[in-house]
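Residue-level structure breakdown
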Amino acid sequence: VRILGIEGTAWAASAAVFETDRTAISTGDRTAHPDDVFIESDAYQPESGGIHPREAAEHMHDAIPRVVERALEHARERHDGPATDSPIDAVAFSRGPGLGPCLRVVGTAARALSQALAVPLVGVNHMVAHLEIGRHTSGFDSPVCLNASGANAHLLAFRNGRYRVLGETMDTGVGNAIDKFTRHVGWSHPGGPKVEAAAEDGDYVDLPYVVKGMDFSFSGIMSAAKQAYDDGTPVEDVCYSLQENVFAMLAEVSERALSLTGSDELVLGGGVGQNARLREMLAEMCAQRGARFHAPEPRFLRDNAGMIAVLGAKMYAAGDTLALEDSRVDPDFRPDQVPVSWRSDETE
Ligand code: ATP
């Protein structure tokens, strides 16, 4: 089975081809080597400030045809059937959540390709894809997942046919919160890697820490971090403390989720997962409680079409395809809205 994935929820115009054999999917063998995923991405870089939805959509418009063509070339090279046959078996695309104008470009491209190549369309939830790529590359059975991405931050666990949201941010996503601070300081987007670098030389200063049960909030710490910077606290100290508190909040709720579910496996998803300090804290917390921890390699953490193709292949094998008339995108698509068709394990 060869699946084309297309991603374009915010900043990454990306296309990928995932190739696997049918038995690997139907027997639930998730250990297929990640090298079987070919990814071609083109990132949108705002000239100033954060992501502008209209500019991001224009980027999708320009870049999606290019990255898709490159992925299709790759699929054609691997294709050994008659040249008249489609080199792919299905087109999977990100239906949401994300920026509406970007999603619409991706949706239109996916529908057109599925029609032109006469192959089925698979609609993938972007946040469930962030989770499933970790399950795929770890081979873990039923992990708790911490999604730490730009526009989101939440904990998911599988129960009764769906990924349930156990806890989440009460305001902004974790990456967006960090990016708001770096915009204030005048650093270019994305801010996360710059905060990580600056934090290396920082000392701890007191900043708010807000966890309420399984939920958490970043708005207070963001305002306090900006204020501390304006009051003359060295930027390295603010960056260090920001990371320590924000990631400790995420580690605390992850630990609570492991404890409540009884799971001993944690996977990390999302672009903020590229941060070494976050991975270190989570790995330490898991080691202390005898749980296993897995973070996929960076190309699968940040937005990428590889994760869309991998989950698309599982959905395709389960017969979970979309009719054209039901294929509209959804900027607010929540992970718990997805009936999980591709997992045979049932929990009470
Ligand atoms: P979503 O998946 O919720 O739609 P998104 O589309 O914004 O989010 P991601 O690629 O998951 O995208 O994450 C991007 C975010 O990751 C940005 O906010 C960026 O600052 C942050 N980020 C990238 N690298 C690092 C890092 N090393 N440390 C912290 N944050 C980082």
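Conventions we followed
Residues numbered from 1 in each chain as written. Predicted model: local features only at pLDDT ≥ 70, side-chain atom pairs only at ≥ 80, totals over all residues. Helix = DSSP H or I, 4+ residues; strand = E, 2+ residues; numbered from the N terminus. Pairing = 2+ DSSP bridges. Axes fitted to C-alpha atoms, helices over the stretch in contact; angles between N-to-C directions. Contact = placed C-beta atoms within 7 Å. Core = buried A, V, L, I, M, F, W, Y, C linked by C-beta atoms within 7 Å. Buried ≥ 20, exposed ≤ 12 C-beta atoms within 10 Å, placed from the backbone. Domains from an automatic or database assignment. Near = placed C-beta within 6 Å. Nonpolar A, V, L, I, M, F, W, Y, C, P; charged D, E, K, R; others polar. Expected span 1.5 Å × (residues − 1). Left-handed = near helix turned anticlockwise from the far one by under 90°. Arc of directions from axis to C-beta. pLDDT = per-residue confidence, 0-100.

Overview of unusual backbone geometry
With an omega of 0 degrees, the peptide bond running from G96 to P97 counts as cis. If you trace the backbone, P97 turns up in the loop between β4 (90–96) and α3 (100–117). The omega torsion of the bond from H189 to P190 falls at -5 degrees, within 30 degrees of zero and hence cis. Topologically, P190 is positioned in the loop between α5 (174–185) and α6 (192–199). Within the chain, A118 stands out as a residue other than glycine whose phi angle is a positive 55 degrees. Examined against the element boundaries, A118 turns out to sit in the loop between α3 and β5 (121–125).

Some thoughts on the sheet that holds strand β1 (residues 2–7)
Spatial strand order, β3-β2-β1-β4-β5: five strands in an open sheet with mixed pairing. Both edges of this open sheet fall to β3 (37–43) and β5, since each of them pairs with a single strand only. Each strand of the sheet is rotated relative to its neighbour by a mean of 20 degrees, with strand direction disregarded. Bridge count between strand β2 (residues 12–19) and β3: seven bridges; the pairing is antiparallel. Bridge pairing in β3 places A16 opposite I39. Seen against the sheet, helix α2 (residues 53–78) touches β1, β2 and β3 and runs at an angle of roughly 15 degrees to β2. The strands touched by helix α4 (residues 126–138) within the sheet are β4 and β5, with β5 carrying the most contacts at an inclination of about 85 degrees.

Some points on the nonpolar core
Of all hydrophobic cores here, the largest spans 112 residues; its most connected members are L4, I6, A16, V91, I308 and A309. Per-element accounting of this core gives the leading share, 13 residues, to helix α8 (residues 235–261). Composition of this core by domain shows at least three residues from each of domain 1 (2–131 + 301–337) and domain 2 (142–298). Once you skip the residues sitting within four places of it in the chain, A16 turns out to touch G5, V37, F38, I39, A71, N304, A305, G306, I308 and A309.

Describing the pairing of strand β7 (residues 153–159)
Burial analysis of β7 places six of its seven residues in the buried class, which makes it a mostly covered element. With antiparallel pairing between neighbouring strands as the criterion, strand β6 (residues 144–148) and β7 make up a hairpin whose turn holds four residues. As judged from the six bridges shared by β7 and strand β8 (residues 162–168), these two strands associate in the antiparallel manner. Counted as the bridge partner of R159 is R162 from β8. Linking two consecutive strands that pair antiparallel, namely β7 and β8, is a turn of two residues; a positive phi of about 50 degrees is found at N160 within it.

A look at the site of the ligand
Residues in close proximity to the ligand total 26 residues, the closest being S149, G150, G175, G192 and G271. At the level of secondary structure, the elements contributing two or more residues to the shell around the ligand comprise α5 and α6. With four residues, α5 is the largest single contributor of residues to the shell around the ligand. Split into classes, the residues belonging to the shell around the ligand amount to seven nonpolar, 15 polar and four charged.

Section: the sheet that holds β8
If you trace the five strands from one edge of the open sheet to the other, you get β8-β7-β6-β11-β12, paired in mixed fashion. The open sheet has two free edges, formed respectively by β8 and β12 (292–294), since each of these has just one partner strand. Shown here is a sheet whose adjacent strand axes are inclined to one another by a mean of 25 degrees, direction ignored. Pairing geometry for strand β11 (residues 265–269) and β12, over three bridges, is parallel.

Details of α3
An ideal rise of 1.5 Å per residue puts 26 Å on 18 residues; α3 measures up with 26 Å between its terminal C-alpha atoms. Of all the residues in α3, the buried ones are C102, L103, V105, V106, G107, A109, A110, L113 and S114. Those residues of α3 that are buried are in contact with β1, α2, β4 and β5.

Quick look at the packing of α8 against helix α9 (residues 276–288)
Packing of α8 against α9 brings their axes to within 10 Å, and their N-to-C directions diverge by 35 degrees. As for the relative orientation of α8 and α9, their crossing is right-handed in sense. Facing Q243, F247, A248, L250, A251, S254 and E255 of α8, the residues of α9 in contact are R277, L278, M281, L282 and M285.

Some thoughts on α6
Listing the buried residues of α6 in full gives G192, V195, A198 and A199. Taken end-on, α6 shows its buried residues confined to a sector of 130 degrees, consistent with a single buried face. Contacts from the buried residues of α6 go to α5, α8 and α9.

Focus: the confidence of the model for the protein
Confidence in the prediction for the protein averages 95 pLDDT; 95% of positions are at 70 or higher. As a predicted assembly, this complex carries a pTM of 0.95 together with an ipTM value of 0.98.

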